Each structure stands twice: as C-alpha cells, then as structure tokens.
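Here are the chains, one letter per residue:
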Amino acid sequence: MPMTEADERLNAIQEKIAKAAKLAQREADDVRLMAISKTRSADEIRPLLDTGHRLFGENRVQEAAAKWPALRDAYDAVEVHLVGQLQSNKAEDAVQLFDAIHSLDRASLVKALAKAMDKLDRRVPCFVQVNIGEESQKGGCAIGDVPALVESARSAEIEVAGLMCVPPSEVHPAPYFALLAKLAKDNGLLGLSMGMSGDFESAIKLGATHVRVGTALFGARN
Ligand SMILES: *Cc1c(COP(=O)(O)O)cnc(C)c1O
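Residues numbered from 1 in each chain as written. Predicted model: local features only at pLDDT ≥ 70, side-chain atom pairs only at ≥ 80, totals over all residues. Heavy atoms only, no water.

Novice: Sorry, what's going on with the environment of Asp 29 here?
Specialist: With respect to the element layout, Asp 29 can be found in the loop between α1 (5-23) and β1 (32-36). Sequence separation between Asp 29 and Ile 17 is 12 residues; the distance between their C-alpha atoms is 9.4 Å. (Helix = DSSP H or I, 4+ residues; strand = E, 2+ residues; numbered from the N terminus.)

Novice: Looking at this model, I keep getting lost on the site of the ligand. Mind explaining?
Specialist: Around the ligand lies a shell formed by Ile 36, Lys 38, Val 83, Met 164, Met 196, Ser 197, Arg 212, Val 213, Gly 214, Thr 215 and Arg 221. Contact between the ligand and Lys 38: an oxygen atom at 2.7 Å from a side-chain N or O atom of the residue. The side chain of Arg 221 places a nitrogen or oxygen atom 2.8 Å from an oxygen atom of the ligand. Notes on the ligand: free accessible area 390 Å², of which the protein chains cover 87%. Here the residues of the shell around the ligand sort into five nonpolar, three polar and three charged. (Near = heavy atom within 4 Å. Polar contact = N/O pair within 3.5 Å; in protein donor to acceptor, adjacent residues only side chain to side chain. Areas by Shrake-Rupley, 256 points an atom, 1.4 Å probe, with all protein chains shown as cover. Nonpolar A, V, L, I, M, F, W, Y, C, P; charged D, E, K, R; others polar.)

Novice: Can you walk me through the nonpolar core in this structure?
Specialist: If you look at soluble globular proteins, the nonpolar side chains tend to sit buried side by side. Counting 65 residues, the largest nonpolar core has Trp 68, Leu 113, Val 128, Leu 163, Val 211 and Leu 217 as the members making the most contacts within it. With seven residues, helix α5 (residues 107-120) is the single largest residue contributor to this core. The contact partners of Leu 163, leaving out residues within four places of it in the chain, are Phe 127, Val 128, Val 130, Val 146, Leu 180, Leu 183, Ala 184, Leu 189, Gly 191, Leu 192 and Ser 193. (Core = buried A, V, L, I, M, F, W, Y, C linked by side-chain atoms within 4.5 Å. Buried < 20%, exposed > 50% of the residue type's maximum accessible area, 1.4 Å probe, protein only. Contact = heavy atoms within 4.5 Å.)

Novice: Looking at this structure, I do not really get the packing of helix α2 (residues 42-50) against helix α3 (residues 61-74). What am I missing?
Specialist: In a pair of packed helices, the angle between the axes and the distance between the axes together describe the arrangement. At a closest axis distance of 11 Å, the pairing of α2 and α3 adopts a crossing angle of 35°. Crossing geometry of α2 relative to α3 is assigned as right-handed. Judged by residue contacts, Ala 42, Ile 45, Arg 46 and Leu 49 of α2 engage Lys 67, Trp 68 and Leu 71 from α3. For the contact of α2 with α3, the per-class residue count stands at five nonpolar, no polar and two charged. (Axes fitted to C-alpha atoms, helices over the stretch in contact; angles between N-to-C directions. Left-handed = near helix turned anticlockwise from the far one by under 90°.)

Novice: Can you walk me through the packing of aromatic side chains in this structure?
Specialist: Aromatic rings in a pair are described by how distant their centres are and how their planes are angled relative to each other. One pass over the structure, following the stated rule, counts one aromatic pair. Each ring, one from Phe 56 and one from Trp 68, has its centre 4.9 Å from the other, and the planes form 45°; the classification is tilted. Separated by 12 residues along the polypeptide, Phe 56 in strand β2 (residues 55-58) and Trp 68 in helix α3 bring together distant segments of the chain. The pair Phe 56 / Trp 68 is uniform in exposure class, with both members buried. (Phe/Tyr/Trp six-rings, centres within 6.5 Å; stacked < 30°, edge-to-face > 60°.)

Novice: I tried to follow the side chain of His 81 on my own but got confused; where do I start?
Specialist: Following the sequence through the fold, His 81 ends up in strand β3 (residues 79-82). Not counting residues up to four positions away in its chain, the partners in contact with His 81 are Met 34, Leu 55, Phe 56, Gly 57, Glu 58, Phe 98, Asp 99, Ala 100, His 102 and His 210.

What follows is the structure in structure tokens.
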C-alpha cells in the first residue's frame with residue numbers, strides 16, 4: 001500500500017518519540033501517542049485510523065459523542081480519552097464515552113464520577129490534572145491539593161492512572177514537566193500525561209507516558 005499523508009505524519013512523530021525515548025534511556029513503547037482529534041471531522045480522523053493508530057483524545061464531551069460512536073463501530077479496539085475540562089453534570093456521559101479521563105481536578109468531580117461509574121457499572125481510569133504553573137485561568141488542582149485529591153479518588157474506587165498538566169505557554173516547559181514527574185513519584189503514580197505538539201520530546205525526556213499531539217498530526221486547527 002502507498003504511504004498516505006497520515007502515514008507520513010504519524011511516522012515522523014513516532015520517529016521523534018523513539019529518538020527522545022532513546023536519549024532518555026527509555027523504551028519508546030512506554031510512551032503512548034495520543035492523537036488529539038478535537039475540532040477534526042470523522043473524515044479527517046479516518047485516515048489516521050486507517051494507518052492502524054488507535055489512541056485518540058478529545059476535549060469536549062458533546063463533540064466526542066457526535067463523532068466517536070460511529071467510528072468505534074467501524075474500527076476495532078479504538079481508545080478515546082478525555083483531555084478537556086469536565087463539568088460534573090456531564091460525568092455520566094463522560095464515563096460512558098471515554099476510556100480514560102485526564103481532567104480530574106476537584107473533589108466535587110470525584111464525587112460525580114464515582115456516582116456515574118457506580119451507576120453504569122463501568123470503571124474509567126483517571127489522571128489528576130494539576131495546575132502546574134499556578135495560572136488563574138487554567139484548569140487543574142493546586143499543587144498542594146494533589147495528595148488529598150488522589151486519596152479521595154482512590155477511596156471512591158476510581159483508579160488514578162497518573163497526573164496530567166498543561167504548562168504555561170511562552171516559557172520553557174521542562175521545569176514544569178520535571179515538577180509533575182516529582183509529584184507523581186511522591187504520590188506513587190506511574191502515568192504522566194504531558195507534552196503536546198510543540199514540546200512532546202522534552203516531556204518524554206522527563207518521563208511522559210502519554211503525549212497529546214494534535215496539530216503535528218492533523219495540521220493547524222482553524
Ligand atoms: C488541544 C490540546 C492538545 C494538543 O495540542 P497541539 O498543540 O495541537 O498538539 C493537548 N492537550 C490538551 C489538553 C489540548 O486541549
């Protein structure tokens with residue numbers, strides 16, 4: 001089969017992931033590439049599914065509900081994670097739609113998610129999102145609240161897969177990635193959801209297990 005544009009973009013990123021992992025003396029397989037498909041239509045997503053890629057991320061419940069049920073019917077073993085802010089009143093939809101949630105950032109959401117998981121009898125692993133740059137406009141819990149939030153999720157029988165962050169823009173992200181890695185270690189967590197199109201290599205060097213790449217895979221968003 002000829003290489004498609006999707007194949008080429010995916011291969012280029014996987015090569016960069018492999019290189020960054022090697023520099024950090026890590027296995028490339030320990031880094032999962034999540035294709036962030038927010039704002040992309042099913043027609044834009046299908047070529048990537050046709051390459052065999054299976055892990056995707058969305059930032060809105062409603063948008064994911066409109067696109068992914070049909071795509072899941074058409075392709076096997078698709079995994080879709082939520083990487084955007086979640087309102088408590090959409091917890092049930094989120095538990096139904098997603099295979100992991102990367103935006104658990106407050107005690108009230110632990111409660112809503114636990115209730116939804118109990119009701120649907122479906123456990124969805126969560127990443128605790130940390131407001132790593134302490135920016136007032138950003139989602140994520142305060143750094144000092146991480147231990148209590150992790151503990152409350154665990155006592156509600158929500159699996160905490162790791163920590164997630166979106167560092168401040170315009171400054172070098174490495175110190176923030178390093179801080180998230182330290183927080184994860186201090187809390188006995190293995191997963192690190194960090195790194196986007198512009199900085200995933202740096203994130204991998206600092207331990208990222210899930211990199212969230214949108215524009216580098218799909219092109220610029222409108
Ligand atoms: C949009 C988004 C990404 C992907 O950003 P790109 O710069 O397009 O790679 C990653 N993480 C989150 C939380 C996002 O909202």
